[in-house]
Amino acid sequence: YDLVYGIERLIHSADPRHTIGNLVSVLEPGGRFVIVDDMPVEDRAREFADDVARFKKLWRAPVMPSAAGWCALLEDAGCDVVACRDLSPLLRPRSLDDIARAIEEVAARRRWRDRFGLRRVGEAETGGLLLERLNRVGAASYMMISARKRG
């Protein structure tokens, strides 16, 4: 293949090193690998560790590497990172108050929805709102990383 792209998918890998290595192995030399996803901002994410941990649990994103982490994994797998761009300025997160209200509303709906087997819907909504809050406070960024396989 000459292109591998992961748009809002690779964050769910339980073993990103293995996943990246496996995907890079099918790339032709000179092939491109593009990742677009939310990534923690290391210094800020520590301040919001509870939100990060809850988001990771609700969205089943057990590892959630930072941009530097993804870049290192790509480099280790045989790629050269050619671009790392923060797309966060394109996001339009709500105010912190609006996000907090939305989280409360989802929690209220979850009480009855969970009884009907829709627990994961509420988890996804809550996780998305937590991610929106993490982006709002600068603890996560929406990043695009482009790399080219060496060879």
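Parameters and conventions
- Counting restarts for each chain: residues are numbered from 1 in the order of the written sequence.
- With pLDDT at 70 or above as the cut-off, local features in this predicted model cover only qualifying residues; side-chain atom pairs require 80 or more to be listed or tallied, and sums for whole chains, interfaces and linings still use all residues.
- Think of the side-chain values as coming from all heavy atoms in the structure, minus any hydrogens and water.
- Angles shown run from 0 to 180 degrees and are taken between the N-to-C directions of axes, each axis being a line fitted to C-alpha atoms and, for helices, limited to the stretch in contact.
- Helix and strand assignments follow DSSP, with helices taken as H or I runs no shorter than four residues and strands as E runs no shorter than two, numbered in order from the N terminus.
- Here a crossing is taken to be left-handed if its near helix is turned anticlockwise relative to the far helix by less than a right angle, and right-handed if that turn runs clockwise.
- Contact definition: two residues touch when any of their heavy atoms are within 4.5 Å.
- As a working rule, the residues Ala, Val, Leu, Ile, Met, Phe, Trp, Tyr, Cys and Pro are called nonpolar, Asp, Glu, Lys and Arg charged, and the rest polar, with Gly in that last group.
- Paired strands, as defined in this entry, are two strands with at least two bridges between them according to DSSP.

Before we move on, can you summarise the packing of helix α3 (residues 49-58) against helix α6 (residues 119-136) with the specific residues and values?
Where α3 contacts α6, the two axes come as close as 9 Å, and the packing angle between them is 145°. Considering how the two elements wind past one another, α3 and α6 form a crossing that is left-handed. Residues Asp51, Val52, Arg54, Phe55 and Leu58 of α3 form the contact with α6, whose participating residues are Glu123, Thr126, Gly127, Leu130, Leu131, Arg133 and Leu134. Of the residues that constitute the contact of α3 with α6, the class distribution is 6 nonpolar, 2 polar and 4 charged.

So what's going on with the sheet that holds strand β3 (residues 79-86)? Which residues, and what values?
The mixed open sheet is built from 4 strands, whose spatial order is β1-β2-β4-β3. Two strands in the sheet have a free side with no partner beyond their single neighbour: β1 (3-7) and β3. Averaged over neighbouring strand pairs, the angle between their axes works out to 20° when direction is ignored. Direction of pairing for strand β2 (residues 32-40) relative to strand β4 (residues 140-149): antiparallel, over a ladder of 9 bridges. By the bridge assignment for β4, Asp37 is matched with Met143. Each of β1, β2, β3 and β4 touches helix α1 (residues 16-25); the most contacted strand, β2, lies at about 160° to it. Strands in contact with α6 are β2 and β4; relative to β4, the strand with the most contacts, it is inclined by about 85°.

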